[in-house]
Amino acid sequence: MLQTTIEAMLRQKIGLDANSIGSNSIAYAINQRRLCCGLPTLKDYYDRLKHSSEELDALIETVVVPETWFFRDREPFVCLKHWIKTEWNPNSTLRVLSAPCSTGEEPYSIAITLLEAGLSSAQFRIDAIDISQVALEKAKRATYTKRAFRGETSINPAYFQTVEDRYQVRSHIRETVQFMRKNLLEPNSLLRHEYQVIFCRNLLIYLDQPARSQVINTLDQALSFSGLLFVGSAETLQISSRQYQPVAHPVAFAYQKIKPPPAAPQKASIKAPIAAPPKPKPTPAVSLSKLEQAKQLVDRGQLTEAAQLCKAHLALDRTNANAYLLLGKIYQELNQIQPAEQAFQKAIYLNPNFYDALIELAVLKEQQGDLATATRLKARVQRLLNL
């Protein structure tokens, strides 16, 4: 089937998992481009696509539909401001990456946050990258309608000037952001760059597992030790607990990169004419628990197998709240929302003060539109932090 072949081309180019947006959406985008090219059949369009990198870029532009607004989700920016005020050395230049930056609302929100945290525009630099040239052009124009200001976001005249019926980001903020067209799947896309803060929110959920791993590795190489990585609410399962520790800020989904301990110095060997010591007795192998095996499977993207191991573990240990939490995250990654919700609820039943499970369930309820329950859960989290 030609559409399957075209989906494979998109997967190779940008790592797109067709299931993340649905084959119907991709079919619609393909048909839009076919009509724009004036081609009568799908086979004609596929032949064009095979021999035209420009047309492949045009199809990507049609498939990638940006959806963002200023201070989206709010708490990551609150967390960033607190980190700047409490942990950042103002004598250093802060480098921040926004990837993907879409039409610019996120990097400009970061710039405003840093200014409100007390930094001057000379003390930080923001690199904003995206695969979409159309989105980047809009970001550079920095002119937005009221739709870009949702929720409780106000249009502060200190940061925006009115241009007819639109709002343009003021020049002193625009100058802090550098926009570039880059594909994080291309080798060395962030070579020679080191960042103290990286925003990569709601990209991983659209990628297949190999592309996710590649993007995470690229970001990890670019992030300095003790730096912050912000991801989307549905992407926390992709972050390795061996390399990152979660930041204790509700619904920020921020992780701090852990600095590995220094390697122990090797002792110089002393040569002496002594008899060889007896061979040590072999140490019996320590088998990993089913839960640890499940975590390793998650890291490799084998989510169905990981879920089975979690359930096998729970068959032997029904009171393990951590196992229910991991199972809930796996179900959420598999887009099995009701089992995910049930797993989080069981984790909280077993441990009413389980911070991570409360956060996960709050986000899930928020995504379902149950804002009242989400608000109550967030209030419980806030009370835990104030204890």
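To keep things clear, this report deals only with the structure shown in the data block. The model shown is predicted, which means the values in this text are computed figures rather than measured ones. (Residues numbered from 1 in each chain as written. Predicted model: local features only at pLDDT ≥ 70, side-chain atom pairs only at ≥ 80, totals over all residues. Heavy atoms only, no water.)

1. Focus: the packing of aromatic side chains
Part 1 of the argument: Per the counting criterion, the structure on display carries 10 aromatic pairs.
Part 2 of the argument: Where phenylalanine 70 meets tyrosine 144, the ring centres are 5.1 Å apart and the plane angle is 85°; that geometry is what we call edge-to-face. Placement of the pair is phenylalanine 70 in the loop between α5 (53-63) and α6 (75-86) and tyrosine 144 in strand β3 (residues 143-144), with a sequence separation of 74 residues. One exposure class covers both phenylalanine 70 and tyrosine 144, and it is buried.
Part 3 of the argument: One aromatic cluster is present, built from ring pairs that chain together Phe70, Tyr144, Phe149, Phe160 and Tyr167.
Part 4 of the argument: A cation over a ring is seen here: lysine 257 above phenylalanine 225, with NZ or CZ 4.8 Å from the ring centre. (Phe/Tyr/Trp six-rings, centres within 6.5 Å; stacked < 30°, edge-to-face > 60°. Helix = DSSP H or I, 4+ residues; strand = E, 2+ residues; numbered from the N terminus. Buried < 20%, exposed > 50% of the residue type's maximum accessible area, 1.4 Å probe, protein only. Lys NZ or Arg CZ within 6 Å of the ring centre and 35° of its normal.)

2. Here we look at unusual backbone geometry
Part 1 of the argument: A cis amide bond, omega -5°, links alanine 99 with the succeeding residue proline 100.
Part 2 of the argument: Its location among the elements puts proline 100 in the loop between β1 (94-98) and α7 (105-116).
Part 3 of the argument: Positive phi outside glycine occurs at asparagine 202, with the angle close to 65°.
Part 4 of the argument: By the secondary structure assignment, asparagine 202 is in the loop between β7 (195-199) and α10 (209-222).
Part 5 of the argument: Note on asparagine 202: relative accessible area 23%, which makes it partly exposed.
Part 6 of the argument: A positive phi is found at serine 226, a non-glycine position, where the angle reads about 75°.
Part 7 of the argument: Position of serine 226 relative to the elements: it lies in strand β8 (residues 223-230).

3. Observations concerning the state of the cysteines
Part 1 of the argument: According to the stated counting rule, one finds zero disulfides in the structure shown.
Part 2 of the argument: With no disulfide partner, cysteine 101 has as its closest neighbouring cysteine sulfur the one in cysteine 200, 11 Å distant. (Disulfide = S-S within 2.5 Å.)

4. Examining the nonpolar core
Across soluble globular proteins, you tend to see nonpolar side chains buried next to one another.
Part 1 of the argument: The biggest cluster of nonpolar side chains holds 58 residues, and the ones touching the most others in it are Ile198, Leu219 and Ile330.
Part 2 of the argument: At eight residues, helix α13 (residues 321-333) tops the list of elements feeding residues into this core.
Part 3 of the argument: Not counting residues within four places of it along the chain, the set of residues in contact with isoleucine 330 comprises Leu237, Val298, Leu303, Ala306, Ala307 and Cys310.
Part 4 of the argument: By size, the runner-up hydrophobic cluster in this structure holds 40 residues, among which are Cys79, Leu119, Tyr167 and Phe199. (Core = buried A, V, L, I, M, F, W, Y, C linked by side-chain atoms within 4.5 Å. Contact = heavy atoms within 4.5 Å.)

5. Concerning the pattern of salt bridges
Part 1 of the argument: Taken as a whole and assessed by the stated rule, the structure comprises 14 salt bridges.
Part 2 of the argument: Between aspartate 47 and lysine 43 there is a salt bridge whose closest N-O contact spans 3.2 Å. Of the two residues, aspartate 47 and lysine 43 both sit in helix α4 (residues 42-51), four residues apart, roughly one turn of that helix.
Part 3 of the argument: Classification of aspartate 47 as partly exposed rests on a relative accessible area of 26%.
Part 4 of the argument: Take lysine 43: its relative accessible area is 49%, and that puts it in the partly exposed class. (Salt bridge = Lys/Arg side-chain N within 4 Å of Asp/Glu carboxyl O.)

6. Topic: the sheet that holds strand β5 (residues 166-169)
As a general point, the strands of a sheet are linked pairwise by backbone hydrogen bonds and lie either parallel or antiparallel.
Part 1 of the argument: One open sheet holds the three strands; their spatial order is β3-β5-β4, and the pairing between them is antiparallel. Single-partner strands in this sheet number two, and they are β3 and β4 (160-163).
Part 2 of the argument: Of the pairings in the sheet, the one linking β3 to β5 comprises two bridges and is antiparallel in character. By the bridge assignment, threonine 143 is partnered in β5 with glutamine 168. (Pairing = 2+ DSSP bridges.)

7. A word on the packing of α13 against helix α15 (residues 355-367)
Part 1 of the argument: Contact geometry for α13 and α15: axes closest at 10 Å, N-to-C directions at 25°. The angle between α13 and α15 falls in the class roughly parallel. In this structure, α13 meets α15 at a crossing whose hand is left-handed. Of α15, the residues touching α13 (which contributes Leu325, Lys329 and Gln332) are Asp356, Ala357, Glu360, Leu364 and Gln367.
Part 2 of the argument: Looking at the contact of α13 with α15, its residues break down into three nonpolar, two polar and three charged. (Axes fitted to C-alpha atoms, helices over the stretch in contact; angles between N-to-C directions. Parallel < 35°, antiparallel > 145°, perpendicular 65-115°, else oblique. Left-handed = near helix turned anticlockwise from the far one by under 90°. Nonpolar A, V, L, I, M, F, W, Y, C, P; charged D, E, K, R; others polar.)

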